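What the coordinates show
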Amino acid sequence: MRSEELHETLLPKRLALPVFASDPLSSVAYATQEILLVLALGGLAYLHFAPWIAAAVIALMTVVVLSYRQVVHAYPSGGGSYEVVTTNLGPWAGLVVAASLLVDYVMTVAVSVASGVDNIISALPQLAPHRVLLAIGFVAVLTATNLRGVRESGRAFAAPTYLFVGGVLIMVITGLVRCALGDAPVAESAGYGITAAPSDAGLTGLALLMLVLRAFSSGCTALTGVEAISNGVPAFRKPKSANAAATLAAMGITAVVMFAGVTALALITKVHITGDPCRLTGLSGSCSAYTQRTVIAQIAAAVFGGEHSLGFYLIQTVTALVLILAANTAFNGFPLLASILAQHRFLPHQLHNRGDRLAFSNGILALAIVACLLLWGFRANVTSLIHLYILGVFTSFTLSQLGMVRHWNGELRAERDPARRRHHHTARVINTIGAVVTGLVLVIVLATKFTQGAWLAVLAAVVLWVMMRGIRRHYDTTAAELAVTDPKTELTFPSRVLAIVLVSTLHKPTLRALAYARALRPDHLEALTVSVDRDEAAALRRHWEEYGIEVPLKVIDSPYREVTRPVVEYVRSVRRESPRDIVAVFIPEYVVGRWWENLLHNQSALWLKNRLLFTPGVMVTSVPWQLTSAAHADRPAARAPGSVRRGEPRGTAATAPPLTAHPALPGHRRRQRPTPLLRHPHRRLFTVRPVLRVPSARQRQHHREPAARSVLRDEGAVHRLGP
């Protein structure tokens, strides 16, 4: 898609909800389970705290949603928490938020996909040995879908999200109606007891409070992804802020209703679940062979009439789908935030570029790779991954709310209209409450999860913060070094241009390089070869004289059969003798079309080029010669990657003007015009193509060929011929 078609990818509210809110909506599937898992450490004695903990989570979600509605109105550019904190608390505080969110987006993908695989295994236990492979496969599918673009991914993910919401609401209503009619559903684990862990039995006082707070911090996973809408405001249709705020409200209401309903049914059906099945009492068989179903799976089986009922399989299917697709929230938030950071020079510039489908392809791929590594390292285990989760979310929550308080303070100092001041006062109160509450939760999360594995997330965020500061320092230093201070001095011509053509043998690429070098009319031109075999060097001299080549040939002896060092030392000696001159080194090369052909040829010119590029005052030019195999590689598929961005029409490969050898006549003064750059697709080295004539803009327009097509070509693999 062209850049001017970006508006066609903007999302209506019905698509924005599944794209940006699938994470908090899907958290319903495991937030209640995480609360019960922590409380079950003390056996069945502390399960009565679950309703109060759920109420606290609901109150917290309400505060956070109201707070972020203020953010999307005040900062509609899409920076979300990062922009709020950077603007109001300074760039380094903003970088803390950015690092925390990037880490948390990665954890969102890992936890959501792992939890989705858990629900699949609940329905099909025979898939348990393939847990990691399934998780990585689902990440690959999500990556491929998101590379197609935001609008396409929204359409793909809308149906599963709405089916999940509808299925859970039907399950909740059905279960509550059955309970009201005196036929309360009973979970399959209701008859099992739970043996308290030795360290958590008979807790009282502060120890009991810490257990409850730990359960609360685990239940706060229901809030993950709430900030994604504030990061994605630019992806909404106009009016962007209003649509984003409405979507945020719809997400909050839906998530609260679903979470409250699932928690209520879990307590009504008496779901008993523990991290270790061997702590369950009353099992008929071996505990090591027993596979516990998830909380939502047990509720669905109890409400709809058993584990073989249609309702059970429907809930399991849509739950697994939405949990896996919930990672899509991160696939939208991570690349967008990385793009903003790259624009601010805190991350590599490549993360700021959009792909052919106007998606941030590099950010999507980076997120997928890191998430797959996490899933592989933690064996796709939700219990292990969950401890690394939500820390970054509440760091950004707290700092963004503090930033919003400062924002409203500034607005109140400048505002004189009474109605607007009342609005600002109300907004400031909401954000103040949000800052206090989320700050307390952050402390609780740190205190209860740090030793359980959260230290790894903290370490990752710190490393990322230091790395981003280093990247910014590098970009600033480079910009200062490259800044033009005195244009007249920078544009001063060199005293002379001394040209050297590297020669290995006398063939067509060598003759083309000689012709091109002569066409540039340097002040001095010579050919240079390294003699590693006396007979070959003598044969080269003889052929040189037979062909009557007017360029002098210099032969450097290399008794130790080295090629790179003698050439580099000679070029540097020429440079030392004439420090005000420019030394231009021409390297003949030929282009092959098959990757394996590179393995069959010498690559000494690659080392030469790399060494010479570090020598001041030396210009290195590669002169290519295309072999027959390169002509086949020059005909890509109808829609090859990058074809849209290069301006190629459908079904047509980019073509360059024909090559014409330049007459190497002593008195010929007409210069060749090189095409700008031909990029090597693998090594990112740049070469210059000699041509006699480039079609004019009028000719290109006549043939309906964009100008870029005449200069940008994918020539296949490039092989460099050294002396």
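For the structure itself, consult the block above.
What this report covers is the structure whose coordinates are included nearby. Position numbers for residues start from 1 in each chain and track the written sequence from start to end. Thresholds applied to this predicted model are a pLDDT of at least 70 for local features of residues and 80 or more for the giving and counting of side-chain atom pairs; totals over whole chains, interfaces and linings are not thresholded and use all residues. Side-chain calculation: all heavy atoms of the structure are included, whereas hydrogens and water are not.

Here's the deal with the overall build of the chain
The helix and strand tally for the chain stands at 23 helices and ten strands. Out of the 723 residues in the chain, the part that is buried amounts to 52%. Here, two residues are considered to be in contact whenever any of their heavy atoms come within 4.5 Å of each other. Within the chain, contacts between residues separated by at least 24 positions form 81% of all contacts whose residues are at least 6 apart in sequence. A helix here means a DSSP run of H or I that spans at least four residues, while a strand means a run of E at least two residues long, and both kinds are numbered starting from the N terminus. Three exposure classes are used, based on accessible area relative to the maximum for each residue type with a 1.4 Å probe and protein chains only: buried under 20%, partly exposed in between, and exposed over 50%.

A word on helix α10 (residues 240–268)
To estimate the expected span of a helix, count its residues, drop one, and scale the result by 1.5 Å. An ideal rise of 1.5 Å per residue puts 42 Å on 29 residues; α10 measures up with 42 Å between its terminal C-alpha atoms. Lys 270 occupies a position one or two residues after α10 and carries a positive phi of about 60 degrees.

Overview of the nonpolar core
The biggest cluster of nonpolar side chains holds 149 residues, and the ones touching the most others in it are Leu 223, Leu 341 and Met 468. Considering each element in turn, this core owes the most residues, 18 residues, to helix α5 (residues 91–123). Excluding its chain neighbours within four sequence positions, the residues that come into contact with Met 468 are Leu 95, Ala 98, Ala 99, Leu 102, Leu 341, Phe 346 and Leu 347. Residues belong to a common nonpolar core when they are buried Ala, Val, Leu, Ile, Met, Phe, Trp, Tyr or Cys residues joined through side-chain atoms within 4.5 Å.

Here's the deal with the side chain of His 407
For His 407, the location among the structural elements is in helix α15 (residues 391–414). Residues contacting His 407, with those up to four places away along its chain left out, are Ala 74, Tyr 75 and Asn 88.

Some thoughts on a nonpolar patch on the surface
Only residues whose relative accessible area exceeds 30% and that form no salt bridge enter a patch; like-charged residues are grouped when within 9 Å of one another, and nonpolar side chains (Val, Leu, Ile, Met, Phe, Trp, Tyr) when within 5 Å. Using a 1.4 Å probe, the Shrake-Rupley method yields the accessible areas, and only the shown protein chains count as cover for residues. Whenever Lys or Arg places a side-chain nitrogen within 4 Å of a carboxyl oxygen from Asp or Glu, that contact is recorded as a salt bridge. On the surface, a nonpolar cluster with roughly 580 Å² of combined accessible area is contributed by Leu 169, Ile 173, Val 177, Leu 181, Ile 253 and Val 257. Those elements giving two or more residues to the nonpolar patch turn out to be α7 (150–180) and α10. For the nonpolar patch, the element with the highest residue contribution is α7, accounting for three residues. Assignment of secondary structure puts Val 177 in helix α7.

Looking at the layout of surface pockets
The gaps left among the atoms become clear once a water-sized probe is rolled over them. When its volume is computed, the second largest pocket comes out at roughly 510 Å³. Detection works on a 1 Å grid of protein atoms alone, calling trapped sets that fit a 1.4 Å probe cavities and calling open sets with protein on both sides within 12 Å along at least five of seven lines pockets, with lining residues defined by an atom within 4 Å of a point. In terms of lining, the second largest pocket is formed by 24 residues, of which the most central are Gln 33, Asp 118, Arg 131, Gln 292 and Thr 383. Of all the secondary structure elements, the ones that give two or more residues to the lining of the second largest pocket are α2 (28–39), α5 and α14 (382–386). Asp, Glu, Lys and Arg are counted as charged, while Ala, Val, Leu, Ile, Met, Phe, Trp, Tyr, Cys and Pro are counted as nonpolar; the rest, among them Gly, fall into the polar class. Counted by class, the lining of the second largest pocket contains nine nonpolar, eleven polar and four charged residues. Grid points are joined across faces, edges and corners, and a volume is the space filled by probe spheres set on the points.

A word on the environment of Pro 559
Relative to the assigned elements, Pro 559 resides in the loop between β5 (553–557) and α20 (564–577). Along the sequence, Pro 559 and Arg 534 sit 25 residues apart, while their C-alpha atoms lie 10.0 Å from each other.

As for the packing of aromatic side chains
Any pair of Phe, Tyr and Trp rings, taking the six-membered ring for Trp, is counted once the centres come within 6.5 Å. Such a pair is stacked with planes under 30 degrees apart, edge-to-face with planes over 60 apart, and tilted for the rest. Following the criterion strictly, the structure yields six aromatic pairs and no others. A ring pair is formed by Tyr 46 and Phe 49, whose centres lie 6.5 Å apart and whose planes are at 35 degrees; its orientation type is tilted. According to the relative accessible area criterion, Tyr 46 is buried, its value standing at 7%. In textbook terms, an aromatic cluster arises when at least three aromatic residues are bridged by ring pairs, as seen for Tyr 68, Phe 394 and Phe 397. One Lys or Arg, Arg 469, reaches over the ring of Trp 92 and ends 4.0 Å from the middle of that ring. Positioned above the aromatic ring of Phe 346, the side-chain terminus of Arg 472 is 5.2 Å from the ring centre. Note on criteria: charge over ring means Lys NZ or Arg CZ within 6 Å of the ring centre, with the direction from the centre no more than 35 degrees off the ring normal.

Quick notes on the pairing of strand β3 (residues 497–502)
Both faces of the sheet carry side chains from a regular strand, because those side chains alternate between them. Of all six residues making up β3, five are buried, and the element is well covered by its neighbours. Being paired, for any two strands, means DSSP has found at least two bridges between them. Bridge count for β3 against strand β6 (residues 582–592) is five bridges, and the pairing is parallel. Looking at the pairing, Leu 498 lines up with Val 583 of β6. Whether a crossover is right-handed comes down to one check: with the strands pointing away from the viewer, does the path from the first strand over the helix to the second run clockwise; if it does, it is right-handed. Note that the unit made of β3, helix α18 (residues 508–519) and strand β4 (residues 524–531) has a crossover that is right-handed.

Observations regarding the packing of helix α3 (residues 50–74) against helix α16 (residues 418–482)
Working convention: axes come from line fits to C-alpha atoms, limited for helices to the stretch in contact. Angles between N-to-C directions cover 0 to 180 degrees. Two numbers describe how α3 lies on α16: the axes approach to 9 Å, and their chain directions differ by 130 degrees. Relative to α16, the element α3 lies oblique. Crossing of α3 against α16: the hand is left-handed. Seen from α3, the contacting residues are Leu 60, Val 63, Val 64, Leu 66, Ser 67 and Gln 70; seen from α16, they are Ala 427, Ile 430, Asn 431, Ile 433, Gly 434, Val 437, Thr 438 and Val 441. In terms of residue class, the contact of α3 with α16 is made up of nine nonpolar, five polar and no charged. If an angle is under 35 degrees, it is roughly parallel; if it is over 145, roughly antiparallel; if it lies from 65 to 115, roughly perpendicular; otherwise it is oblique. Crossings are classed by handedness, with left-handed meaning an anticlockwise turn of the near helix from the far one by less than a right angle and right-handed meaning a clockwise turn.

Some thoughts on the packing of helix α6 (residues 131–146) against helix α12 (residues 310–343)
Look at α6 against α12: their axes get within 10 Å of each other, and the N-to-C directions meet at 50 degrees. Taken as axis vectors, α6 and α12 run oblique relative to one another. Judged by the sense of rotation from one axis to the other, the crossing of α6 with α12 is right-handed. Here Phe 138, Val 139, Leu 142, Thr 143 and Asn 146 of α6 come into contact with α12, specifically with Ile 324, Leu 325, Ala 327, Asn 328, Phe 331 and Asn 332. Grouping the amino acids of the contact of α6 with α12 by side-chain chemistry returns seven nonpolar, four polar and no charged.

Some details on the pairing of β6
Summarising burial for β6: eleven of the eleven residues are buried, a large majority. Residues Ile 582, Ala 584, Phe 586, Pro 588, Tyr 590 and Val 592 line one face of β6 and the alternating positions Val 583, Val 585, Ile 587, Glu 589 and Val 591 line the opposite face, and both faces are buried. In terms of strand pairing, β6 meets strand β7 (residues 618–626) through nine bridges, oriented parallel. Each residue of the ladder has a partner; that of Ala 584, found in β7, is Met 619.

With respect to the pattern of salt bridges
The tally for this structure, following the rule as stated, stands at nine salt bridges. Between Arg 131 and Asp 118 there is a salt bridge, with its nearest N and O atoms 2.2 Å apart. Of this pair, Arg 131 sits in helix α6 while Asp 118 sits in helix α5, and the two are 13 residues apart along the sequence. Asp 476 is the partner of Arg 472 in a salt bridge, and the nearest nitrogen-oxygen pair spans 3.0 Å. Here Arg 472 and its partner Asp 476 are both found in helix α16, four residues apart, which amounts to about one turn of the helix. Note on Arg 472: relative accessible area 23%, which makes it partly exposed. Under the relative-accessibility criterion, Asp 476 is labelled partly exposed at 30%.

Re the environment of Ala 250
Looking at where Ala 250 falls in the secondary structure, it is placed in helix α10. Note on Ala 250: relative accessible area 32%, which makes it partly exposed. On a C-alpha basis, the gap between Ala 250 and Leu 17 in space is 8.1 Å, while along the polypeptide they are 233 residues apart.

Some points on unusual backbone geometry
Put simply, Lys 238 and Pro 239 share a cis peptide bond, and its omega is -10 degrees. Summarising the element assignment, Pro 239 is placed in the loop between α9 (228–231) and α10. The backbone of Lys 270 sits at a positive phi, close to 60 degrees, despite the residue not being glycine. In this fold, Lys 270 is placed in the loop between α10 and β2 (280–281). In this structure, Ala 380 is a non-glycine residue whose phi angle is positive, near 55 degrees.

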